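Analysis of the macromolecular model
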Amino acid sequence: AARADAAVIAQAHSEHLLGDARALLSAERDARTRQVGELEAARDAAELDARRASARAEAAEERARVAREALDAARSEADRQVAAATAASASAKSEVERLTAAFKAAEDMHAAAERRAADAELLQMTAAGDTHAFKEARQAALADAEAARRARDEALAKAER
């Protein structure tokens, strides 16, 4: 009887241990299932993050390409403007040189007209009897002086512009 009792107790203990082992295996299986689910969710999130990062990188590359094209266009426009400014500067320098030459010529004409006027006055003093010739020479000299003065004034006005 004691052996039978011991066998029943051993059987009950074995069934209890077997139940505990089954519960542990079930809990471990559930934990692994949860862990697999978490890993799959983490993998899916990582793939989504990678796709988003790839899309951002592509957008950044497109923005960089557009910026490079805009920079190239700006450089081309700047080069064109520099060339136009250089041409305008050369043209202005040429115009200044032309106006300077015209001003010098007007000054020379004025000086020559003044000399003719002085010669006419001298002619007046030395040719007391020939007043008609003197008047004509004086008028011509005065007209030359006036024309030279106007030419000089025009050259000055152009140079100031």
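Calculation criteria
All chains use their own residue numbering, which begins from 1 and follows the written sequence. Residue-level local features of this predicted model are given only where pLDDT is at least 70; pairs of side-chain atoms are given and counted only at 80 or more, and the full residue set underlies all totals for whole chains, interfaces and linings. Values shown for side chains rest on all heavy atoms present in the structure; no hydrogens or waters enter the calculation. By definition, any uninterrupted DSSP run of H or I lasting at least four residues is a helix, any uninterrupted run of E lasting at least two residues is a strand, and each is numbered from the N terminus. With the radius of gyration taken over C-alpha atoms, the globule rule is written as 2.2 Å times the number of residues to the power 0.38. Each residue's exposure class comes from its accessible area (1.4 Å probe, protein chains only) as a fraction of the maximum for that residue type: buried when under 20%, exposed when over 50%, partly exposed otherwise. Residue contacts are defined here by distance: any two heavy atoms, one from each residue, within 4.5 Å place the two residues in contact. Computed by Shrake-Rupley with a 1.4 Å probe, the accessible areas treat only the displayed protein chains as cover when residues are assessed. Charged residues are defined narrowly, with Lys and Arg counted positive, Asp and Glu counted negative, and His plus the chain ends left uncounted. A charge is said to be at NZ when it belongs to Lys, at CZ for Arg, at CG for Asp and at CD for Glu. Counted as a polar contact is a pair of N or O atoms within 3.5 Å, where, for protein atoms, one must be capable of donating a hydrogen and the other of accepting one, and residues adjacent in sequence contribute only when both atoms are in side chains. Salt bridge, as used here, is a side-chain nitrogen of Lys or Arg placed within 4 Å of a carboxyl oxygen of Asp or Glu.

**Concerning the overall build of the protein chain**
What the protein chain contains, in helices and strands, is two helices and zero strands. Relative to a compact globule of 161 residues, whose C-alpha radius of gyration would be 15 Å, the protein chain shows 56 Å and is clearly more extended. Projected onto the principal axes, the alpha-carbon positions of the protein chain cover approximately 185 × 20 × 15 Å. Residue burial in the protein chain is summarised as follows: out of 161 residues, 8% are buried. The long-range fraction of contacts in the protein chain, counting pairs at least 24 apart against all pairs at least 6 apart in sequence, stands at 71%. Carbon and sulfur atoms provide 58% of the accessible area of the protein chain, an area that totals close to 12,700 Å². Counting 26 positive and 31 negative side-chain charges, the protein chain places the centres of these two groups 0 Å from one another.

**Here we look at the environment of His13**
Note on placement: His13 falls in helix α1 (residues 2–126). Residue class for His13 comes out partly exposed when judged on its relative accessible area of 47%. Residues His13 and Arg29, spaced 16 residues apart in sequence, show a C-alpha to C-alpha distance of 24 Å.

**Observations concerning the side chain of His110**
Within the fold, His110 resides in helix α1. The buried category is assigned to His110, whose relative accessible area is 18%. Among the polar contacts listed, one links the side chain of His110 to the side chain of Glu114, at a separation of 2.7 Å. Residue contacts for His110: discarding those within four places in its chain leaves Ala145, Ala148, Arg149 and Arg152.

**Let's talk about the pattern of salt bridges**
Going through the model one piece at a time under the given rule, you end up with 14 salt bridges. A salt bridge links Arg32 to Glu28, with the shortest nitrogen-to-oxygen separation between them at 2.9 Å. Taken together, the residues span about one helical turn, with Arg32 and Glu28 both in helix α1 at a distance of four residues. Judged by its relative accessible area of 52%, Arg32 is exposed. For Glu28, a relative accessible area of 39% puts it in the partly exposed group. A salt bridge links Glu62 to Arg65; the shortest N-O distance between them is 2.4 Å. Placement of both Glu62 and Arg65 in helix α1 is noted, with a separation of three residues, approximately one turn of the helix.

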